[in-house]
Amino acid sequence: MTLEKTGAKNPLNILEVSASGRRSESISRGLTQDIIDALEIRYGYIELTRRNLGDGVPFVDEGWIAANFTPDEERTDEHRAALTGSDALVDELRRADVVVIGAPIYNFGVPAVLKAWVDMIARARLTFRYTANGPEGLLKGKKAYIVVASGGVPVDSPADFATPYLRQALQFVGISDVEIIAADQLNKAADDTIDAARARIAEIIHTAPALDSRAA
Ligand SMILES: Cc1cc2nc3c(=O)[nH]c(=O)nc-3n(C[C@H](O)[C@H](O)[C@H](O)COP(=O)(O)O)c2cc1C
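Source: prediction; values computed, not measured. (Residues numbered from 1 in each chain as written. Predicted model: local features only at pLDDT ≥ 70, side-chain atom pairs only at ≥ 80, totals over all residues.)

## Examining the overall build of the chain
Working step 1: Scanning the chain for helices and strands turns up eight helices and seven strands.
Working step 2: Scaling as 2.2 N^0.38, a compact globule of 216 residues should have a C-alpha radius of gyration of about 17 Å, and the chain matches this with 18 Å.
Working step 3: Each of the 216 residues in the chain was classed as buried or not, and the buried ones make up 31%.
Working step 4: A fraction of 78% describes how many contacts in the chain between residues 6 or more apart in sequence connect residues 24 or more apart. (Helix = DSSP H or I, 4+ residues; strand = E, 2+ residues; numbered from the N terminus. Rg over C-alpha atoms; globule rule 2.2 N^0.38 Å. Buried ≥ 20, exposed ≤ 12 C-beta atoms within 10 Å, placed from the backbone. Contact = placed C-beta atoms within 7 Å.)

Put into structure tokens, the structure is as follows:
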């Protein structure tokens, strides 16, 4: 059942976060596009925001820390300016129903720009909060697809620090419904691996539940 068939008026809001340093020939970018295409076919009506981290991501620095740890009502104009980039990244993540992340493994972990993105979106009081029972993620009800591409490291092997890190980081802000699409060990048999990743995308999106709750 598509959104159009259910009569939904709201589009499925998709945020694509791309971390590959490559603009062309990137396997992870190709597969995130495949996911977006499959979601569009499945749900009929999408709104897409592309966040290409290669265009630049702010880093945590002294001004950001001072601003972030100052309560909102006490922030100066300087504090607000220091948080502008981070606020924009949080806003687009909050608006998203579905987050599609393209994550190559670089030196056993995530690319530095993706770590910087996590640092920008993990915001106390906005995306998580501290409770008597520990931290609680505030971004509930979202779905994430993560394409993990690697040359030699198998996804979820002891040398893969990217996949568990991303699961943990998303879970921390409340996104626990996460599908991993492995495009790993591409140095071995790239075509077979990419075919298998595409087949998995087709399978998981075909079997995803209809978003009838969006049909209001
Ligand atoms: C700087 C850099 C570091 C990399 N480090 C690793 C690594 O530690 N382990 C691995 O299996 N592959 C590593 N690779 C290979 C990439 O994960 C692989 O080429 C992947 O396809 C890159 O994603 P992309 O095709 O979307 O650009 C590295 C590639 C680059 C450019």
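## Regarding the site of the ligand
Working step 1: In the vicinity of the ligand lie 17 residues, with S28, P104, S150, G151 and V153 positioned nearest.
Working step 2: In terms of residue count, helix α2 (residues 27–43) provides more of the shell around the ligand than any other element does, three residues in total.
Working step 3: Classifying every residue of the shell around the ligand gives eight nonpolar, seven polar and two charged. (Near = placed C-beta within 6 Å. Nonpolar A, V, L, I, M, F, W, Y, C, P; charged D, E, K, R; others polar.)

## Focus on the nonpolar core
Working step 1: Counting residues in hydrophobic clusters, the biggest one holds 45 residues, and the most contacted among them are V99 and A103.
Working step 2: The biggest single contributor to this core is strand β6 (residues 143–149), with six residues.
Working step 3: Ignoring any residue separated from it by four or fewer positions in sequence, one finds V99 in contact with L15, V17, L93, K142, A144 and I175. (Core = buried A, V, L, I, M, F, W, Y, C linked by C-beta atoms within 7 Å.)

## Here we look at the sheet that holds strand β1 (residues 12–18)
Working step 1: In space, the five strands of this open sheet follow the order β2-β1-β3-β6-β7, with parallel pairing throughout. Taken across any chain shown, the strands that pair with only one partner, and hence form the sheet edges, are β2 (46–52) and β7 (177–183). Here the average twist between neighbouring strands, direction ignored, is 15°.
Working step 2: Relative to β2, β1 is paired through seven bridges, and the arrangement is parallel. Across the sheet, N13 pairs through a bridge with E47, a residue of β2.
Working step 3: In the packing of α2 onto the sheet, the strands contacted are β1, β2, β3 (98–104), β6 and β7, and the crossing angle to β3 comes to about 160°. (Pairing = 2+ DSSP bridges. Axes fitted to C-alpha atoms, helices over the stretch in contact; angles between N-to-C directions.)

## Some details on unusual backbone geometry
Working step 1: Positive phi is not limited to glycine here, since F108 has a value of about 75°.
Working step 2: With respect to the helices and strands, F108 occurs in the loop between β3 and α6 (112–121).
Working step 3: Unusually for a residue other than glycine, R125 sits at a positive phi of about 75°.
Working step 4: Structurally, the position occupied by R125 is in the loop between α6 and β4 (128–131).

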